[in-house]
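Architecture and fold: a report
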Amino acid sequence: MCGIIGIIGQTEVTPVIYDALKRLEYRGYDSAGIATINDDKIDRRRSQGKLINLEAELKQTPLKGNIGIGHTRWATHGAPTQQNAHPHKADSVMVVHNGIIENYLELKNTLTSHGYVFSTETDTEVIAHLFSYHLAQAESIKIAARKTFAMLEGAYAVALLIENEDRMMIAARQGSPLVIGHGDNEMFVGSDAFSLAPMTNRITYLEDGDWAILTDNSLDIFDADGKSVERPIQVKDASASIVDKGRHKHFMAKEIFEQPEVISHTFAHYVNAHEATVKIPEIDFDTSDIKRIVLIACGSAYYAAMTGRYWLETLAGISTDIDIASEFRYRDVPMDKNTLAVFVSQSGETADTLAALKACKAQNVKTLAIVNAPDSSMQREADITLPTFAGPEIGVASTKAFICQLAVLFCFALALGKARIASERENELVKALLTLPRLMGEALKLETSIEQIAVRLSKKENAIFIGRGLMNPLALEGALKLKEISYIHAEGFAAGELKHGSIALIEDNMPVITIAPKDAMYPKTISNMQEVIARQGDIILLTEDPGNTDTDNISDLIFLPEIDPVLTPILYTIPLQLLAYHTAVAKGTDVDQPRNLAKSVTVE
């Protein structure tokens, strides 16, 4: 995840910004930079690679100034080069940015027509030029800020400096986290409270759509409509900041809300946004030789793998099997040189999955690991590793790690399918992928209505989740989330299988969560739902649009944004996570550390 630091200080800020960037190293990055204003002039230093390279730049040509911004970057648009490193400059404006600007090409074309010249491959540079454009219209800084952020589409966090304004900074947040720190005649901006811990423990969390104008002794916050708003100051315990929950009550909630950002950074590794294509790291064997794939995992990772099977068969046209890791190595599974064994794990230390990987290697089968933990045992053992870039996940119930596993599996399937998918379809799917951070942000805005549903669900003893096609694994994952943190007995079923036995469980007021995006399976899923309604089941329906569906007998509707049907599992995961989370909160269970469970299962 990218990291942002901004300081309006009373003394030289460069060494303080550099130290703060070091505290953000845990988020991962591939380049870094710092900009300051000194004697009314903006200057910057940038470097590719680790912060030690930036340190060398600063030693050679120091940066002076009492106001500055810093950034550690995971490349999204453009290669991880010094030229593409943040901060980015346009005329008198300098900016750092986390996230993805979806409409950057449209904005870039408009700005180019006005004579603006771009020098990088990044989407971030658009923000600097756009702000500069509005300033040039003889408008105030406030108006320029309001118009600039109103035109941006996507998920982003921004810190911005303006030459000659050596006691002012602009900040904005939409979908990516950003906090404001309060000092004594000093103000700070950071990606999280941990980065600001040595400087202040007085923190204001910006809400989605907020943008702010900071000086050394003032903070003015405006919402997406440009109306002045108040956000509270919270006092944070600096010693606990590295595991800071932010404005959330639990780590699980924080990690659910981090998903638009972390999926952006996962895409950065696997998507070429300029060409609208997918990419995977170089593999030392011919992927056209792969005739069969075996997916092996446990728990939520297993359900991610189930979804991956659909994508691998549909997009890549490769016969794909799936197995629970704890069962796999105790069966005599026939595998040959044309088989690829894929292992999915958050920790990379899951005992069952690791043992299965070693069993495959003993048969000289090619192995690939999809893991979140760098330098894990699984990463070291596998022939190939595809990292997920979810960042540290504290809550035991997997949320952002699961989402990133889905993202990597989709990119992998699409990459393997290049030979059989029209390039136009690949471009279409990649463009849809890049809208996911924004659409996930929209789904997160459903939290209040989902919380109300969860309060009602918390009074139930049982629940059933149903879905078809790509929604079948998601029904299983939704049920797992609910039962592991709320302790409500929940089961997930393929909707078409209900009448083969499971429909016997339906009784008056039995909650049935129906996952029904408007895909090819929608009519059949709704038909299965009607069978439940006929037996007095209590329906909670997740869909984009109920259309002509009779909603009179549906207790609750959760409307999701429209997206290409093949990507619905990623988007529809969010309301299921929120439903499980708020049900557990309503019941008063230990959300982050549910009973009998551990984050990483390192024994069989």
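Being a predicted model, the structure only gives us computed values, none of them experimental. (Residues numbered from 1 in each chain as written. Predicted model: local features only at pLDDT ≥ 70, side-chain atom pairs only at ≥ 80, totals over all residues. Heavy atoms only, no water.)

**Remarks on the overall build of the chain**
Each helix and strand in the chain was counted, giving 18 helices and 27 strands. Taken over C-alpha atoms, the radius of gyration comes to 25 Å for the chain, in line with the 25 Å a tight globule of 604 residues would show. Dimensions of the chain, computed from the C-alpha atoms along their principal axes, are close to 75 × 55 × 50 Å. For the chain, the proportion of contacts with a sequence separation of at least 24, taken over those separated by at least 6, is 70%. Looking at charge distribution, the chain has the averaged site of its 57 positive side-chain charges lying 1 Å from that of its 79 negative ones. (Helix = DSSP H or I, 4+ residues; strand = E, 2+ residues; numbered from the N terminus. Rg over C-alpha atoms; globule rule 2.2 N^0.38 Å. Contact = heavy atoms within 4.5 Å. Lys, Arg positive; Asp, Glu negative; His and termini not counted. Charge placed at Lys NZ, Arg CZ, Asp CG, Glu CD.)

**Looking at the packing of aromatic side chains**
Two numbers describe a pair of aromatic rings. These are the distance of the centres and the angle of the planes. Applying the stated criterion to the full structure yields six aromatic pairs. With centroids separated by 6.4 Å and ring planes inclined at 40°, the aromatic side chains of Phe149 and Trp211 adopt a geometry described as tilted. Residue Phe149 is located in helix H5 (residues 141-151), and its partner Trp211 is located in strand E12 (residues 211-215); the two are separated by 62 residues in the primary sequence. Residues Phe149 and Trp211 agree in their burial class; the two are buried. Through a chain of ring-to-ring contacts, three or more aromatic side chains come together here, namely Phe149, Tyr156, Trp211 and Phe222. Cation over ring: Lys518 sits above Tyr522, and NZ or CZ is 4.9 Å from the ring centre. Looking at Arg595, its charged tip hangs above the ring of Tyr487, at a distance of 3.8 Å from the centre. (Phe/Tyr/Trp six-rings, centres within 6.5 Å; stacked < 30°, edge-to-face > 60°. Buried < 20%, exposed > 50% of the residue type's maximum accessible area, 1.4 Å probe, protein only. Lys NZ or Arg CZ within 6 Å of the ring centre and 35° of its normal.)

**Some words on the nonpolar core**
Ile293 and Trp311 are the most contacted members of the largest nonpolar core, which totals 102 residues. Counting residues per element, this core draws most heavily on helix H13 (residues 400-416), which supplies 13 residues. With near-sequence residues (within four places) excluded, Ile293 lies in contact with Leu312, Ile318, Ser319, Thr320, Asp321, Leu340, Val342, Phe412 and Leu416. Counting 30 residues, the second largest nonpolar core, distinct from the first, contains Tyr104, Ile141, Phe149 and Val158. (Core = buried A, V, L, I, M, F, W, Y, C linked by side-chain atoms within 4.5 Å.)

**Overview of the sheet that holds strand E18 (residues 292-297)**
With parallel pairing, five strands are arranged side by side in an open sheet as E19-E18-E20-E21-E22. In the strand order of this sheet, the two ends are held by strand E19 (319-324) and strand E22 (384-387), each with one partner. Strand-to-strand twist of the sheet, defined as the mean angle between neighbouring strand axes without regard to direction, takes the value 20°. Judged from the six bridges that link them, E18 and strand E20 (residues 339-345) form a sheet pairing that is parallel. Looking at the pairing, Val294 lines up with Ala341 of E20. Taken strand by strand, helix H9 (residues 299-316) contacts E18, E19 and E20, and its axis lies near 170° from that of E19. Most of the contacts of helix H11 (residues 351-362) go to E20, to which it runs at about 165°, and overall it touches E18, E20 and strand E21 (366-371). (Pairing = 2+ DSSP bridges. Axes fitted to C-alpha atoms, helices over the stretch in contact; angles between N-to-C directions.)

**Considering the domain arrangement of the chain**
Per the domain assignment, the segments of the chain are domain 1 (3-240) and domain 2 (251-587). Contact residues are listed per partner, giving 18 residues for domain 1 and 16 residues for domain 2. Buried area between domain 1 and domain 2, summed over both chains or domains, comes out near 1600 Å², and the portion from carbon and sulfur atoms is 59%. By the criterion of area lost to domain 2, the three top residues of domain 1 are Trp74, Ile100 and Glu102, representing 33% of everything that side buries. In this assembly, domain 1 and domain 2 are joined by one salt bridge. (Domains from an automatic or database assignment. Buried area = accessible area lost by both parts, 1.4 Å probe. Salt bridge = Lys/Arg side-chain N within 4 Å of Asp/Glu carboxyl O.)

**Brief notes about unusual backbone geometry**
Cis geometry is found at the peptide bond from His86 to Pro87, where omega equals 0°. Along the polypeptide, Pro87 turns up in the loop between strand E4 (67-73) and strand E5 (88-90). For Asn185, which is not glycine, the phi dihedral falls at a positive 55°. A positive phi angle, near 70°, is found at Tyr487, a position not held by glycine. Exposure remark for Tyr487: the relative accessible area of 24% places this residue in the partly exposed category.

**Things to note about helix H4 (residues 124-135)**
Here H4 is twelve residues long and its end C-alpha atoms lie 17 Å apart, about the 16 Å a rise of 1.5 Å per residue gives. Extensive coverage of H4 is indicated by the burial of eleven of its twelve residues. Where H4 is concerned, the buried positions are Thr124, Glu125, Val126, Ile127, Ala128, His129, Leu130, Phe131, Ser132, His134 and Leu135. Elements that come into contact with the buried residues of H4 comprise E5, strand E6 (93-101), helix H3 (104-113), H5, strand E7 (154-162) and strand E8 (168-174). (Expected span 1.5 Å × (residues − 1).)

**Focus on the sheet that holds E5**
The seven strands lie next to each other as E5-E6-E7-E8-E12-E13-E14, forming an open sheet whose pairing is antiparallel. In this open sheet, the two edge strands, each paired with only one partner strand, are E5 and strand E14 (228-229). Note: E12 against strand E13 (residues 218-222), five bridges, orientation antiparallel. Across the sheet, Leu214 pairs through a bridge with Leu219, a residue of E13. Across the face of the sheet, H4 comes into contact with E5, E6, E7 and E8 while running at roughly 130° to E6.

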